[in-house]
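# Summary of the model geometry
Here is how the chains run, residue by residue.
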Amino acid sequence: METTGKRTVQVNVKMSSDDFTTLQKAANALWPEAILSNSGILLGLAKLAAKDILKRKPGKRLR
């Protein structure tokens, strides 16, 4: 990890409107009072999922 600060990385994502609606509902369940941008929703949920995956034992499959 860098100790000098964060760098911006641009990521483009394509998904259906149904998929994004599901992500919005999940974000609202986790952070009901937060005002989040679309990118904030994606980043927040992706970061939580990534941390959860890295805590698992190697080789454990997702369902």
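The present account deals with the structure reproduced in this document. Starting from 1, residues in each chain are numbered consecutively following that chain's sequence as written. Two thresholds apply to this predicted model, a pLDDT of at least 70 for residue-level local features and 80 or more for giving and counting side-chain atom pairs, whereas whole-chain, interface and lining totals are computed over all residues. Based on all heavy atoms of the structure, the side-chain values leave hydrogens and waters out of the count.

## Digging into the overall build of the protein chain
Spelled out, the test is: Each helix corresponds to a stretch of at least 4 residues labelled H or I by DSSP, and each strand to a stretch of at least 2 residues labelled E; elements are numbered beginning at the N terminus. For every residue, the accessible area (1.4 Å probe, protein chains only) is compared with the maximum for its type, and the residue is labelled buried under 20%, exposed over 50%, or partly exposed between those bounds. Accessible areas in this description were obtained via Shrake-Rupley with a 1.4 Å probe; residue shielding takes into account the shown protein chains only.
The helix and strand inventory of the protein chain stands at 2 helices and 0 strands. Residue burial in the protein chain is summarised as follows: out of 63 residues, 8% are buried. Accessible surface computed for the protein chain: about 6,400 Å², of which carbon and sulfur atoms make up 55%.

## With respect to helix H2 (residues 38-55)
Because the α-helix completes a turn every 3.6 residues, residues three or four places apart line up on one side. Threshold: Between the first and last residue of a helix there are one fewer steps than residues, each counted as 1.5 Å, and that sum is the expected span. By arc we mean the arc of the directions from the helix axis to the C-beta atoms, nothing more. Contacts between residues were defined by any pair of non-hydrogen atoms, one from each residue, lying within 4.5 Å.
With 18 residues, H2 extends 26 Å from end C-alpha to end C-alpha; this agrees with the ideal 26 Å at 1.5 Å per step. Among the residues of H2, Ile41, Gly44 and Leu45 are the ones counted as buried. Buried residues of H2, seen end-on, are gathered within an arc of 85° and therefore sit on one face of the element. Along H2, the residues that are exposed and aim more than 90 degrees away from the buried face are Leu43 and Leu54. The secondary structure elements touched by the buried residues of H2 are helix H1 (17-30).

## Some thoughts on the pattern of salt bridges
Our working definition: One side-chain nitrogen of Lys or Arg within 4 Å of one carboxyl oxygen of Asp or Glu is enough to make a salt bridge.
Inspection of every chain in the model, using the stated rule, returns 1 salt bridge. Notably, a salt bridge pairs arginine 56 with aspartate 52, separated by 3.0 Å at the nearest N-O pair.

## Focus: the packing of H1 against H2
Our working rule: Between the N-to-C directions of two axes lies an angle of 0 to 180 degrees, each axis being a line fitted to C-alpha atoms and, for a helix, fitted only over the stretch in contact. What sets the label is the angle itself: under 35 degrees gives roughly parallel, over 145 gives roughly antiparallel, 65 to 115 gives roughly perpendicular, and the rest give oblique. When residues are grouped by polarity, Ala, Val, Leu, Ile, Met, Phe, Trp, Tyr, Cys and Pro land in nonpolar, Asp, Glu, Lys and Arg in charged, and all others, Gly among them, in polar.
Interaxial distance between H1 and H2 falls to 10 Å at its minimum, and their mutual angle equals 75°. In terms of their interaxial angle, H1 and H2 are classed as roughly perpendicular. Facing H1, whose interface residues are Phe20, Leu23, Gln24, Ala26, Ala27 and Leu30, H2 presents Asn38, Ile41, Leu42, Leu45 and Leu48. Of the residues that constitute the contact of H1 with H2, the class distribution is 9 nonpolar, 2 polar and no charged.

## Notes on a positive patch on the surface
Our working rule: Patch rule: a residue counts if its relative accessible area is over 30% and it has no salt bridge; like charges are joined within 9 Å, and nonpolar side chains (Val, Leu, Ile, Met, Phe, Trp, Tyr) within 5 Å. Under this rule, positive means Lys or Arg and negative means Asp or Glu; His and the chain ends count for nothing. Each charge is placed at NZ for Lys, CZ for Arg, CG for Asp and CD for Glu.
Taken together, Lys6, Lys47, Lys51 and Lys55 make up a surface patch of like positive charges. Within the fold, lysine 47 resides in helix H2.

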